[in-house]
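Descriptive structure summary
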Amino acid sequence: MTGKQPHISVADLTLAYGDFVIQRDLNFNIDRGDIFIIMGGSGCGKSTLLRCLVGLKVPTRGQIFYDGVDFWGASDSQHDDLMRRMGILYQSGALWSSMTLAQNVGLPLQEYTRLKPKQIDEIVSFKLSLVGLAGFEDYYPSEISGGMRKRAGLARAMALDPDILFFDEPSAGLDPVSAKLLDDLILEIRDSLGATIVVVTHELASIFAIGSDSIFLDTDTQTMIAGGNPNRLIASSQDTRVQQFLTRGDTFIIGSGRHG
Ligand SMILES: Nc1ncnc2c1ncn2[C@@H]1O[C@H](COP(=O)(O)OP(=O)(O)OP(=O)(O)O)[C@@H](O)[C@H]1O
Ligand SMILES: [Mg+2]
């Protein structure tokens, strides 16, 4: 084999709920240090794919490899080790409302490490400072803004120094300026941690600002119909569905399939 091994490799993956197939025949690689965008219309299966990638849902068919290790075929302990190296910000973004930010961010450290409370406090303060929330340790989620809650969620996702971060719709519900600041933060995190970042989003500004690679999932055909660097994709894709998505329907390519 030549070239470097992808950080994440997805082979012939099919996702279904019972008999209801959501996506099939997914094949793609994610390189180390990429900010990889999973995009597509609402309900196409982006969150479902993310759940399979992070170990919350068993794929119906196919394989997911992390550094060449078969995630769903691995032993329980190997599977757990791989999961331990992931940080996740869910679509609902939920922080525990009855816990302070410090307690929320410290929870994974309490659960998965043997660190002493003082060491945990230090790490928590450091992670909160990375996301611009230094000094907010004792605030409750209800006492801070939506953008700050997202950033606190990022700090929690980063608590265990993950190798891979998964973000499901990180900028949903944020105003454009806060969304831009969050994008800048995601770029900073990638550069400072050297992590691979997988982002589910349909925010076009984010897709073009931070994405280094992508896949586009289509609802009707239930599979990926495009991929690659988003800025190159918009310049080169001849697929009407992809063009319409990436331009919010402002373009129409004559003679290239459906227009609806
Ligand atoms: N637990 C479940 N059981 C059965 N069907 C489900 C379940 N979760 C999601 N689905 C269905 O799977 C499809 C894909 O859902 P999913 O949440 O993955 O889409 P999505 O692309 O993330 O959408 P959005 O952009 O709205 O977040 C939808 O048709 C949804 O109704
Ligand atoms: Mg979703």
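Here the residue numbers are simple positions, counted from 1 along each chain's written sequence. All chains are assigned letters beginning at A, and all ligands numbers beginning at 1, according to the order in which they are written. Given that this is a predicted model, residues contribute local features only at a pLDDT of at least 70 and side-chain atom pairs are listed and counted only at 80 or more, while totals for whole chains, interfaces and linings are drawn from all residues. To obtain the side-chain values, all non-hydrogen atoms of the structure were included, while hydrogens and water were left out.

**Quick word on the site of ligand 1**
Taken together, 13 residues surround ligand 1, and among them Ser42, Gly43, Lys46, Ser47 and Thr48 come closest. Here a polar contact means two N or O atoms within 3.5 Å. Within protein one must be a hydrogen donor candidate and the other an acceptor candidate, and residues neighboring in sequence count only if both atoms are side-chain atoms. Separating an oxygen atom of ligand 1 from a side-chain N or O atom of Ser42 is a distance of 2.6 Å. Gly43 places a main-chain nitrogen or oxygen 2.8 Å from an oxygen atom of ligand 1. Contact with the protein chains covers 61% of the free accessible surface of ligand 1, which is 640 Å². Strands here are runs of E lasting at least two residues and helices are runs of H or I lasting at least four, both read from the DSSP assignment and numbered beginning at the N terminus. Of the residues forming the shell around ligand 1, the biggest block, four residues, is contributed by helix H1 (residues 46-53). Its residues placed into classes, the shell around ligand 1 shows three nonpolar, eight polar and two charged. Proximity criterion: a residue is near a molecule or strand once any of its heavy atoms comes within 4 Å of it. Methods summary: accessible areas were calculated by the Shrake-Rupley approach with a probe of 1.4 Å, and residue burial reflects only the protein chains presented. Under the scheme applied here, ten amino acids are nonpolar (Ala, Val, Leu, Ile, Met, Phe, Trp, Tyr, Cys and Pro), four are charged (Asp, Glu, Lys and Arg), and all others, including Gly, are polar.

**A few points about the sheet that holds strand S2 (residues 20-30)**
Across a sheet, strands are paired by hydrogen bonds formed along the backbone, either parallel or antiparallel in direction. Strand order in the open sheet made by the four strands is S2-S1-S4-S5, with antiparallel pairing throughout. In this open sheet, the two edge strands, each paired with only one partner strand, are S2 and strand S5 (69-70). Two strands are said to pair when DSSP picks up at least two bridges between them. Sheet analysis places strand S4 (residues 61-66) next to S5, joined by two bridges and oriented antiparallel. Each residue of the ladder has a partner; that of Tyr66, found in S5, is Val69. Note on definitions: a residue-residue contact is assigned when non-hydrogen atoms from the two residues lie within 4.5 Å. Simply put, an axis is a line fit to the C-alpha atoms, just over the touching stretch for a helix, and the angle between two N-to-C directions goes from 0 to 180 degrees. Helix-sheet contacts for H1 involve strand S1 (8-17), S2 and S4, and the interaxial angle to S1 is about 120°.

**Here we look at the side chain of Lys127**
The topology assignment puts Lys127 in helix H4 (residues 117-130). In this structure Lys127 touches Val105, Ala155, Met158, Ala159 and Asp161, once residues within four positions along its chain are discounted.

**Notes on the pairing of strand S3 (residues 35-39)**
Any residue under 20% of the maximum accessible area for its type is buried, any over 50% is exposed, and the rest in between are partly exposed; the area is computed with a 1.4 Å probe on protein chains only. Of all five residues that make up S3, five are buried, and the element is covered over most of its length. Side chains of S3 alternate between two faces, with Ile35, Ile37 and Met39 and Phe36 and Ile38 buried alike. Pairing geometry for S3 and strand S8 (residues 196-200), over four bridges, is parallel. Paired with Ile35 across the bridge in S8 is Ile197.

**Examining H1**
A large share of H1 lies buried, amounting to seven of its eight residues. Among the residues of H1, those classed as buried are Lys46, Ser47, Thr48, Leu49, Leu50, Cys52 and Leu53. Just beyond H1, the residue with positive phi is Gly55, at close to 95°.

**Let's talk about the pattern of salt bridges**
Note on definitions: salt bridges are taken to be side-chain nitrogens of Lys or Arg within 4 Å of carboxyl oxygens of Asp or Glu. Per the stated rule, a full pass over the model turns up 12 salt bridges. Residue Arg85 is joined to Asp67 by a salt bridge in which the shortest nitrogen-to-oxygen separation is 3.3 Å. Taken together, the residues span a long stretch of sequence, with Arg85 in the loop between helix H2 (76-84) and strand S6 (86-89) and Asp67 in the loop between S4 and S5 at a distance of 18 residues. Across the pair Arg85 and Asp163 runs a salt bridge whose closest N-O atoms are separated by 2.8 Å.

**Some points on the packing of helix H3 (residues 101-112) against helix H5 (residues 146-157)**
Two numbers describe how H3 lies on H5: the axes approach to 8 Å, and their chain directions differ by 30°. One way to sum up the angle between H3 and H5 is to call them roughly parallel. Along this stretch, H3 crosses H5, giving a crossing that reads as right-handed. Residue-level contacts link Leu101, Asn104, Val105 and Pro108 of H3 to Ala152, Ala155 and Arg156 of H5. Of the residues in the contact of H3 with H5, the class split is five nonpolar, one polar and one charged. Oblique is the label for any angle not covered by the other classes, which are roughly parallel (under 35 degrees), roughly antiparallel (over 145) and roughly perpendicular (65 to 115). Crossing chirality is assigned from the near helix's rotation relative to the far helix, an anticlockwise turn below a right angle marking it left-handed and a clockwise turn marking it right-handed.

Coordinates in, geometry out; function isn't part of it.
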